[in-house]
Amino acid sequence: MKIETIAIHAGNHPDKTSGLVIQPITTSTTFTRNADGEYPSGHIYSRSSNPNRTSLENVLTQIEGGADSAAFSSGNAAGMAVFQSLQPGTHIILPDDMYHGLRNQIKNLFAGILEFDFIDVNDDAVLQQHIKPNTGIIWIETPSNPLLKLTDIKKVVDIAHAKGIKVVCDNTFATPLCQQPLALEADLVMHSSTKYFGGHSDLMGGALITAEKSEWWQKIRQVQEMGGAIPSPADCYYLVRSIKTLPYRVRGHVVNAVQLAEFLENHKNVEQVMYPGLASHPQHQLASKQMNLYGGMLSFLVEGGQQEASKVINSLQLFTQATSLGGVESLIEHRALVEGPDSKTPRNLLRVSVGLEHIDDLIADLQQALDSI
Ligand SMILES: *Cc1c(COP(=O)(O)O)cnc(C)c1O
């Protein structure tokens, strides 16, 4: 089945006898046992599994083309489950430009438990140099946050697999519409479903989708079930509901992002636009090779410094100044301020989550804000 059909049907399993078209939210935390000791619903206790989470995991598995998936209460909880599934002393390689919340998690919660290096994963020589006998996983995030740098997924997979190392890809920015890492032989895909999957900036969630039900996957499932960082049945329900429109929303985000990137590139008060869909992006060719669509996220450098960037952001009427991404409304943020004092992000960088408003209104708003400096 194609992705639009999967999105609508793979997460909806109403009980056939009830006549319901849409699967309801099952709030019961516990499930009845028969006289013979069996559980007729297949569920025992809601932390281990429940109907809404099973439906959500089913659509997540199919939409990324995996063998199984596990839903979590946030993207960071999903990431944490990966790190907790590793033997203490395992070495992991991560990108030098990645979601700062997960970078901080590694640094603050796994120091002394795991070994880690943050490097330019896309540079073969640098990557080879950092691989050690105890390297267990290479973590990639492409396009990256906030510089929109790309990593060649297949290239990293080939280097890793030759040495028995697993590859995990944070696919939050791309979504399965733009890029399918499992098809490029990555071992595990991670999502913050708070973003495009949720799509309306009103729920938190995370997901892991695996290429195969390996022993390592069983360990991740244990972290999910025994650790208990699971989404509520209501959150699962709302995610299943949102995913039904994911293909159409993402296409809308991308159409707007392409036009906004082109507009920004031609404005005299913009120094540089970072968007994989622009011919000027240094990895545009790689983007065209490994992505089906270029995504709804872009960053740009305002001519001048932090002051000019702040002036632009404060002059906007339609764009909301807030962190996060993937919702129907356009958001903009001064990324260096969000990331804190150790941020290496340029001070004049603004990151945009391009929403689904009409493109003419978005361009008009940015036009007046950029003209004001
Ligand atoms: C938001 C985000 C995360 C973390 O997800 P939460 O749902 O906020 O815990 C991880 N990776 C990327 C790329 C993100 O944008």
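Please read these numbers as outputs of a predicted model, since none were measured by experiment. (Residues numbered from 1 in each chain as written. Predicted model: local features only at pLDDT ≥ 70, side-chain atom pairs only at ≥ 80, totals over all residues. Heavy atoms only, no water.)

**Quick look at the sheet that holds strand β4 (residues 135-141)**
For clarity, the cut-off: Strand pairing is assigned whenever DSSP detects at least two bridges linking the two strands. Under the scheme used here, helices are H or I runs from DSSP no shorter than 4 residues and strands are E runs no shorter than 2 residues, and both carry numbers assigned from the N terminus. Axis angles are defined between N-to-C directions and span 0 to 180 degrees, where every axis is a line fitted to C-alpha atoms and, for a helix, only to the segment in contact. Working rule for contacts: check all heavy atoms of both residues, and any pair within 4.5 Å makes them a contact.
Strand order across the open sheet formed by 7 strands is β1-β7-β6-β5-β4-β2-β3, with mixed pairing between neighbours. In this open sheet, the two strands that pair with only one neighbour each are β1 (68-72) and β3 (115-119). Pairwise comparison of adjacent strand axes, ignoring direction, gives a mean angle of 20 degrees for this sheet. Of the pairings in the sheet, the one linking strand β2 (residues 91-95) to β4 comprises 3 bridges and is parallel in character. If you follow isoleucine 93 over to β4, its bridge partner there is isoleucine 138. Contacting β1 and β7 (206-210), helix α2 (residues 51-63) runs over the sheet at an angle of about 125 degrees to β1. Sheet strands in contact with helix α4 (residues 100-109) are β2, β3, β4, β5 (166-170) and β6 (188-192), and its direction is about 145 degrees off that of β3.

**A word on the pairing of β3**
Look at any regular strand and the pattern is simple: side chains alternate between the two faces of the sheet. How we decide: Look down the strands so they point away from you; if the path from the first strand over the helix to the second goes clockwise, the crossover is right-handed.
Of the strand pairs in this sheet, β2 and β3 are connected by 5 bridges, and their pairing is parallel. Paired with leucine 94 across the strands is phenylalanine 118, a residue of β3. Once you follow β2 into α4 and on to β3, the crossover reads as right-handed.

**Quick look at the site of the ligand**
Basically, it comes down to this: Note on definitions. A residue lies near a molecule or strand when any single heavy atom of the residue is within 4 Å of it. Pairing of N or O atoms within 3.5 Å defines a polar contact, subject to two protein rules: one partner must be a possible hydrogen donor and the other a possible acceptor, and residues neighboring in sequence count only if both atoms are side-chain atoms. Accessible areas in this description were obtained via Shrake-Rupley with a 1.4 Å probe; residue shielding takes into account the shown protein chains only. The classification used treats Ala, Val, Leu, Ile, Met, Phe, Trp, Tyr, Cys and Pro as nonpolar, Asp, Glu, Lys and Arg as charged, and all other residues, Gly among them, as polar.
Close contacts around the ligand come from 14 residues, with Asn76, Asp170, Ser192, Thr194 and Lys195 the closest. Interatomic distance of 2.9 Å between a backbone N/O atom of glycine 75 and an oxygen atom of the ligand. One nitrogen or oxygen atom from the side chain of threonine 194 is found 2.7 Å from an oxygen atom belonging to the ligand. Compared with its free state, where it exposes 380 Å², the ligand has 94% of that area covered by protein. For the shell around the ligand, the elements supplying multiple residues, two or more each, are α3 (75-84) and β6. Each residue belonging to the shell around the ligand can be placed in one class, and the counts come to 4 nonpolar, 7 polar and 3 charged.

**Structural notes on helix α10 (residues 246-265)**
This is how the line gets drawn: Expected span of a helix: the number of residues minus one, times 1.5 Å. Accessibility here uses a 1.4 Å probe with only protein chains present; expressed as a share of the type maximum, an area under 20% marks a residue as buried, one over 50% as exposed, and anything in between as partly exposed.
Along its 20 residues, α10 runs 28 Å from first to last C-alpha, staying within 8% of the 28 Å computed at 1.5 Å per residue. Every buried residue belonging to α10 is among Leu246, Pro247, Arg249, Val250, His253, Val254, Asn256, Ala257, Leu260, Ala261, Phe263 and Leu264, and all of these are buried.

**Observations concerning the packing of aromatic side chains**
Inclusion rule: Pairing of aromatic rings covers Phe, Tyr and Trp, the last counted by its six-membered ring, and requires centre-to-centre distances within 6.5 Å; plane angles under 30 degrees mean stacked, over 60 mean edge-to-face, and any other angle means tilted.
As enumerated under the stated definition, the model contains 4 aromatic pairs in all. Taking the centre distance of 5.2 Å and the plane angle of 40 degrees together, the rings of phenylalanine 83 and tryptophan 139 count as tilted. Of this pair, phenylalanine 83 sits in helix α3 while tryptophan 139 sits in strand β4; the two residues are 56 residues apart in sequence, bridging distant segments of the chain. Of the two residues, phenylalanine 83 and tryptophan 139, both sit in the buried class. An angle of 65 degrees between the planes, with centres 5.9 Å apart, marks the rings of phenylalanine 116 and phenylalanine 118 as edge-to-face.

**Concerning the environment of leucine 318**
Of note, leucine 318 is situated in the loop between α12 (306-315) and β10 (320-321). Leucine 318 gets classed as partly exposed once you look at its relative accessible area, which sits at 34%. Between the C-alpha atom of leucine 318 and that of leucine 331, which follows or precedes it by 13 residues, the distance is 8.8 Å. Dropping the residues within four chain positions of it, leucine 318 is found in contact with Ser330, Asp361, Leu362 and Asp365.

**Brief notes about the nonpolar core**
The condition is simple: To form a nonpolar core, buried Ala, Val, Leu, Ile, Met, Phe, Trp, Tyr and Cys residues must be joined to one another through side-chain atoms within 4.5 Å. Domain delimitation in this document rests on an assignment produced automatically or drawn from a domain database.
Counting 63 residues, the largest nonpolar core has Leu56, Leu260, Leu264, Leu298 and Phe300 as the members making the most contacts within it. Split by domain, the residues of this core number at least three in each of domain 1 (3-243) and domain 2 (247-370). Excluding residues that lie within four positions of it along the chain, leucine 260 makes contacts with Leu298, Phe319, Val352, Val354, Ile359, Leu362, Ile363 and Leu366. Among the nonpolar cores identified, the runner-up in size contains 25 residues, and Val82, Ile92, Ile106 and Trp217 belong to it.

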